[in-house]
Amino acid sequence: MSGTDGPAGPEEDAPEKDAPEEAGPRWRVEVDRGVCIGSGLCVATAPGGFELDAARQSHPVRPECAASDDVLAAAEGCPVEAISVTDARTGEAVFPPEE
Ligand code: SF4
């Protein structure tokens, strides 16, 4: 028997609370879904950092990640500047940079 299962919701990756302190900086990555046009550029640039959902809206694979050139390049390359990156520890803007 089947038919009672709804659509599978996105699996949330729980933050690694007990992960050992890493040497490098950690970033918090957000995508403004009201701005994202689903170009997929960020996924192509940082396939481990972003993915598109069924509505072709991008979201970070993990909301917090180790600092990554690919993630920064994806944020810089987003045609609508939908991606913001902040330092997870200090809250300082990584991209777009504060002026
Ligand atoms: S590059 Fe920007 S507009 Fe394109 S899918 Fe990623 S967040 Fe959305």
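A. Spatial organisation of the overall build of the protein. Along the backbone of the protein there are two helices and six strands. Counting from the amino terminus, helix and strand elements in the protein follow one another as β-α-β-β-β-α-β-β. For the protein, the proportion of its 99 residues judged to be buried stands at 18%. When contacts within the protein are restricted to residue pairs at least 6 apart in sequence, those whose partners lie at least 24 apart make up 57%.

B. Region of interest: the site of the ligand. The immediate surroundings of the ligand are formed by 15 residues, with Cys36, Ser39, Cys42, Ser58 and Cys78 found nearest. In the shell around the ligand, the residues fall into eleven nonpolar, four polar and no charged.

C. Summary view of unusual backbone geometry. Here the amide bond leading from Phe95 into Pro96 is cis, since omega sits at -10°, within 30 degrees of zero. With respect to the helices and strands, Pro96 occurs in the segment after strand E6 (93-95). Of note in the backbone geometry, Arg56 takes a positive phi value of approximately 55° without being a glycine. Mapped onto the elements, Arg56 comes out in the loop between strand E2 (50-52) and strand E3 (58-60). In this structure Arg56 comes out as exposed when scored by C-beta crowding, with 11 C-beta atoms within 10 Å.

D. Broad picture of the pairing of strand E5 (residues 83-87). Inspection of the sheet shows strand E1 (residues 26-31) paired to E5 by five bridges, in the antiparallel sense. Within the sheet, the bridge partner assigned to Trp27 lies in E5 and is Asp87. Sheet topology note: the E5/E6 ladder contains two bridges and is antiparallel. From the neighbouring strand, Val85 faces E6, where its bridge partner is Phe95. The turn linking E5 back onto E6 is made up of five residues, and Gly91 within it adopts a positive phi angle of 80°.

E. Geometry of the sheet that holds E5. If you walk across this open sheet you meet the four strands as E4-E1-E5-E6, and the pairing is antiparallel. Only two strands of the sheet have a single partner each, and these edge strands are strand E4 (64-66) and E6. Along the sheet, successive strands turn relative to each other by an average axial angle of 35°, direction set aside. Inspection of the sheet shows E1 paired to E4 by three bridges, in the antiparallel sense. Residue pairing across strands places Arg28 opposite Glu64, the latter belonging to E4.

F. Summary view of the nonpolar core. Within the largest apolar cluster, 15 residues are counted, with the highest numbers of intra-cluster contacts made by Cys42, Val71, Ala74, Ala75, Cys78, Ile83 and Val85. Contributing elements (two or more residues each) for this core: E1, helix H2 (69-77) and E5. Leaving out residues up to four positions away in the same chain, Cys42 has contacts with Phe50, Ser58, Ala74, Cys78 and Ile83.

G. Molecular detail of H2. Taken residue by residue, H2 has Val71, Ala74 and Ala75 as its buried positions. Take H2 and look down its axis: the buried residues cluster within an arc of 100°, on one side only. Its buried side turned inward, H2 meets E1, helix H1 (41-45), E2, E4, E5 and E6.

Definitions and limits used
- Residues numbered from 1 in each chain as written.
- Predicted model: local features only at pLDDT ≥ 70, side-chain atom pairs only at ≥ 80, totals over all residues.
- Helix = DSSP H or I, 4+ residues; strand = E, 2+ residues; numbered from the N terminus.
- Buried ≥ 20, exposed ≤ 12 C-beta atoms within 10 Å, placed from the backbone.
- Contact = placed C-beta atoms within 7 Å.
- Near = placed C-beta within 6 Å.
- Nonpolar A, V, L, I, M, F, W, Y, C, P; charged D, E, K, R; others polar.
- Pairing = 2+ DSSP bridges.
- Axes fitted to C-alpha atoms, helices over the stretch in contact; angles between N-to-C directions.
- Core = buried A, V, L, I, M, F, W, Y, C linked by C-beta atoms within 7 Å.
- Arc of directions from axis to C-beta.

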